[in-house]
Amino acid sequence: MRTLILGVDPAGRVVQHDRNAKEVLDPPNGSLLGTHLSDLVVSNSPTGTPLNSLLDAVKAGREATAVLTFKAQRSNPVDTVVTLQPMRGDSDACPSALAILRMPPPSVEQFLDPALMRHALLDETFRQMGATLDLDQMARGLINIVVPHFSNAASLLLLESLVAADEPPASQADGSYVMRRIAITSDDSDPDWDAKFPTGEVMRFPLDSPHTRCMSTGKPIHVQAMTAAETAESAELWLRRPAGKLLAEASLLLLPLNARGSTLGFIVCNRRKGFRSFDAYDTEIGMEFASRAAIFIDNARRYNRERATALTLQRSLLPTGLSAPSSVDVRHRYLPGSQLIEVGGDWYESIPLPGARVALVVGDVAGHGVRAAVTMGRLRTAIQTLAMLELSPAESLQHLNELMRKIGEREPHFATCAYATYDAVNGTCEVASAGHLPPLLVRPDGSSEFLDVAPAPPLGVGEGLIASRTFEIEDGSLFVLYTDGLVESRGRDIDDGLRRLQSVFDADSVAGSMDDLFKAILAGAYADQHRDDIAVLIARLARIDGGLQASWALTGELTAAREARSLVAEPLEKWDLASMVDTTQLLASELVTNAIRYAEGPVTLRLIKEGALVCEVLDSSPALPKLQQAARDDECGRGLQIVSKLSGRWGARRIPSGKVVWCEQPFPRSDQE
């Protein structure tokens, strides 16, 4: 913008003016002094005009502003922002008001001063762009620098392979380039530019076009103003017939974006008819701008590629869905510690186990970034394997500790982990922890406590024994596992964070929506830019319906197998699983026989309908059975082979009183709910 200053008397006549006003404004008699402001304004009527309102305001001692169209010497009339400020003077020669005129320079004077263009393009603007790593936002910012400081319109195009597939720059077999337009703008806000050259469009320029030459050579291309016929012909060749009007008699300059030995794309600069055409000095300034812009774009592209890789890794390592018995509702939230990194070592897990049980796990690998995420992936894979082996929480964490010590031999690492197994049949929860914060148990009445679990060093740090505790859980209770990022920050002590977490829960919130609970728990976390990663897992625990299970105590006599066959028929018919009676009778008979043969004392037979039909036999022996290959003349050793063939899967686990051997059958399709 250009600023002119005039001094006017009470009648509105010019009594003083600056030097620039004499060269710009066009008074009727050639002299500004004594000229009334109305003679300098286009289409001024005697009354009711904005100028009259300005003069009336000055007479009343008020400052006023309006937009007036002033006559100019070397251009068409110019819309000007006029501010009249009242002044006090001791003589008639002093102006009674100061008129401040702010107007854009005429077209012939735009893009004329190289110092102004260089300052606008190279000095101030890149300080702002340096903080931006989003490619689309950066492209818009760069184009908004070029327009209006360097050209009337501009667009930025990049190789499609860089934007979409993130592949190395490469030309097509025919020598052309597939480009995508990232941003476009013009100083007149003409919607035709975006309509005829839409943002996001993927296109291929003709081989003999300036755009293809710019990409193949990596050098700027200057196109002199073309006639209307020439632009119409080019527009026809590009299949953009309406675009010819926008480009007619315009001066074009294509600036290649060269970075690290490759041409990433180019900036198309356009100056309309009536404005100064591009010349060699413009090309020099433009290339200096494009060279810097290319580095910013390449950095943003590389950052986006690394970020996408890291996020893909993180999302592939974290579970996409959590499973649990039907009576257990499990929800989770994960927040990365930094919007810049968005990858960390916190993880959560909910692993369904046979017999209406579920393993609930939350862990935290020290550090941030891809390295911590990779270690987290190793631990998560190991924890799933250990869960499938049906080891207790303490045994699982003991094995994880050995794994972390092995990893630490190559690169120092440690992690904390809380592991719990909830049994939805008897309502008990076994919990173990390795250096992790205690789980929070919230009862249905809103009372809560942090469970006192035997402390142990973090995984990978020491060789201390990890122990577990078993808790009785009331139906409807909430079990909360979390990482330290939720309760600890630079400005808050961990004890305060734990008290705040505990205060979120009451009787109403326990029975309320899980989403509302997470909102309350994570309130303020998004605003903390220095927080650690946060992983939260909440499970609403309840035992399964008693009608979906059946249990019998059997004697240790061989006749118990026959009794087991007769007992299983009734609950299966009650559950509308009559088609599974024969197979289940055989499986129960084999499991009971195996228990009586190798264990002492009574056994317990249990059927559970939860996702599948589970048949369990509990005995007093801690020795786990093994599947063996029986020889042709062996009289025994085929029981578990039969169980393995007839069931979907089978297994065994130790319990304090002995062991449980189980098998699982999927429901027939006709019997599924």
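To be clear, the structure that these remarks concern was listed above.
Nothing here was measured: the structure is a model prediction, and the numbers come from that model. (Residues numbered from 1 in each chain as written. Predicted model: local features only at pLDDT ≥ 70, side-chain atom pairs only at ≥ 80, totals over all residues. Heavy atoms only, no water.)

## Brief notes about the packing of aromatic side chains
Reasoning step 1: Within the structure shown, the criterion is met by three aromatic pairs.
Reasoning step 2: With a centroid separation of 5.5 Å and 40° between ring planes, the pair formed by Phe 150 and Phe 278 is classed as tilted. Of this pair, Phe 150 sits in the loop between α6 (135-149) and β6 (153-159) while Phe 278 sits in the loop between β11 (262-271) and α12 (280-317), and the two are 128 residues apart along the sequence.
Reasoning step 3: Judged by its relative accessible area of 3%, Phe 278 falls in the buried class.
Reasoning step 4: Above the ring of Phe 150, the side-chain terminus of Arg 271 is found at 5.2 Å from the ring centroid. (Phe/Tyr/Trp six-rings, centres within 6.5 Å; stacked < 30°, edge-to-face > 60°. Helix = DSSP H or I, 4+ residues; strand = E, 2+ residues; numbered from the N terminus. Buried < 20%, exposed > 50% of the residue type's maximum accessible area, 1.4 Å probe, protein only. Lys NZ or Arg CZ within 6 Å of the ring centre and 35° of its normal.)

## Re the sheet that holds strand β17 (residues 440-442)
Reasoning step 1: The sheet built from five strands is open, its strands ordered β12-β21-β20-β17-β18 with antiparallel pairing. Whereas interior strands pair on both sides, the edge strands pair on one side only; in this sheet they are β12 (329-335) and β18 (448-450). Going across the sheet, the axis of each strand differs from the next one's by a mean of 15°, ignoring polarity.
Reasoning step 2: Bridge count between β17 and strand β20 (residues 477-482): three bridges; the pairing is antiparallel. Its bridge partner lying in β20, Leu 441 is registered against Phe 479.
Reasoning step 3: Most of the contacts of helix α15 (residues 494-503) go to β18, to which it runs at about 150°, and overall it touches β17, β18 and β20.
Reasoning step 4: The sheet contacts of helix α17 (residues 514-521) involve β12, β20 and β21 (534-541), and relative to β12 the element is tilted by about 30°. (Pairing = 2+ DSSP bridges. Axes fitted to C-alpha atoms, helices over the stretch in contact; angles between N-to-C directions. Contact = heavy atoms within 4.5 Å.)

## Things to note about the side chain of Glu 610
Reasoning step 1: Mapped onto the elements, Glu 610 comes out in the loop between β23 (603-609) and β24 (613-619).
Reasoning step 2: Although Glu 610 lies buried, it forms no salt bridge, and the closest oppositely charged side chain, Lys 609, sits 9.3 Å away as judged by the N-O distance.
Reasoning step 3: A distance of 2.9 Å separates a polar side-chain atom of Glu 610 from the backbone nitrogen of Ser 326.
Reasoning step 4: If near-sequence neighbours (up to four positions away) are discounted, Glu 610 is found in contact with Pro 325, Ser 326, Ala 356 and Ile 544. (Lys, Arg positive; Asp, Glu negative; His and termini not counted. Salt bridge = Lys/Arg side-chain N within 4 Å of Asp/Glu carboxyl O. Polar contact = N/O pair within 3.5 Å; in protein donor to acceptor, adjacent residues only side chain to side chain.)

## Here we look at the layout of surface pockets
Rolled over the atoms, a probe as big as a water molecule pinpoints where empty space is left.
Reasoning step 1: One number sums up the size of the largest pocket: a volume of about 740 Å³.
Reasoning step 2: In terms of lining residues, the largest pocket is bounded by 28 residues, among which Glu 430, Arg 653, Arg 654, Ile 655 and Pro 656 are the most central.
Reasoning step 3: Looking at the lining of the largest pocket, the elements that each hand over two or more residues are α14 (393-410), β15 (415-423), β16 (428-434), β19 (468-472) and β25 (649-655).
Reasoning step 4: By residue number, the principal contributor to the lining of the largest pocket is β25, which donates four residues.
Reasoning step 5: Across the lining of the largest pocket, the residue classes tally to 14 nonpolar, six polar and eight charged. (1 Å grid on protein atoms, 1.4 Å probe; cavity = no way out; pocket = protein on both sides within 12 Å on 5 of 7 lines; lining within 4 Å. Points joined across faces, edges and corners; volume = space filled by probe spheres on them. Nonpolar A, V, L, I, M, F, W, Y, C, P; charged D, E, K, R; others polar.)

## Concerning helix α18 (residues 560-567)
Reasoning step 1: Within the span of α18, buried status applies to Ala 560, Ala 561 and Ala 564. Viewed end-on, α18 has its buried residues packed into an arc of 100°, placing them on one side of the element.
Reasoning step 2: Its buried side turned inward, α18 meets β22 (549-554), α20 (581-598) and β23. (Arc of directions from axis to C-beta.)

## Considerations on the sheet that holds strand β5 (residues 97-103)
Reasoning step 1: Strand order in the open sheet formed by five strands is β2-β1-β5-β4-β3, and the pairing between neighbours is antiparallel. Looking at which strands have only one partner, the edges of the open sheet turn out to be β2 (14-17) and β3 (64-70). Within this sheet the neighbouring strands show an average axis-to-axis angle of 30°, counted without direction.
Reasoning step 2: The sheet strands contacting helix α3 (residues 50-59) are β3, β4 (78-86) and β5, and the helix crosses β3 at an angle near 145°.

## What to know about the pairing of β4
Reasoning step 1: Pairing of β3 with β4 involves seven bridges; the strand directions are antiparallel. Counterpart to Leu 68 in the pairing with β4 is Thr 80.
Reasoning step 2: Direction of pairing for β4 relative to β5: antiparallel, over a ladder of six bridges. Bridge pairing in β5 links Pro 86 to Ala 97.

## Some remarks on the nonpolar core
Within soluble globular proteins, side chains that are nonpolar tend to cluster in buried spots.
Reasoning step 1: Membership of the largest hydrophobic core comes to 58 residues, with the highest contact counts inside it found for Phe 150, Leu 156, Leu 257, Phe 266, Phe 289 and Ile 297.
Reasoning step 2: Beyond its immediate sequence surroundings of up to four residues, Phe 266 is in contact with Ser 155, Leu 156, Leu 157, Met 179, Phe 205, His 211, Cys 214, Met 215, Leu 254, Leu 255, Pro 256 and Leu 257.
Reasoning step 3: Among the nonpolar cores identified, the runner-up in size contains 57 residues, and Val 362, Ala 394, Leu 400 and Phe 471 belong to it. (Core = buried A, V, L, I, M, F, W, Y, C linked by side-chain atoms within 4.5 Å.)

## A word on the pattern of salt bridges
Pairing of side chains with opposite charge becomes possible as their charged atoms draw close.
Reasoning step 1: A full pass over the atoms with the stated rule returns 27 salt bridges.
Reasoning step 2: Residue Asp 188 is joined to Arg 272 by a salt bridge in which the shortest nitrogen-to-oxygen separation is 3.6 Å. Note that Asp 188 is positioned in the loop between β7 (178-186) and α8 (191-196) and Arg 272 in the loop between β11 and α12, a separation of 84 residues in sequence.
Reasoning step 3: Overall, Asp 188 belongs to the partly exposed group, its relative accessible area being 37%.
Reasoning step 4: One salt bridge in this structure joins Arg 649 and Glu 664, with 3.0 Å as the shortest N-O distance. Residue Arg 649 is found in strand β25, and its partner Glu 664 is found in strand β26 (residues 658-665); the two are separated by 15 residues along the sequence.
Reasoning step 5: The exposure class assigned to Arg 649 is partly exposed, which follows from its relative accessible area of 34%.

## Quick notes on unusual backbone geometry
Reasoning step 1: Omega for the bond connecting Val 147 with Pro 148 falls within 30 degrees of zero, at 15°, which places this linkage in the cis form.
Reasoning step 2: With respect to the helices, strands and loops of the structure, Pro 148 is situated in helix α6.
Reasoning step 3: The phi angle at Arg 260 is positive, at roughly 50°, despite the residue not being glycine.
Reasoning step 4: Topologically, Arg 260 is positioned in the loop between β10 (251-259) and β11.
Reasoning step 5: Notably, Asp 576 is not glycine yet its phi reads approximately 60°, a positive angle.
Reasoning step 6: Position of Asp 576 relative to the elements: it lies in the loop between α19 (569-574) and α20.
Reasoning step 7: Using a relative accessible area of 59% as the deciding quantity, one classes Asp 576 as exposed.

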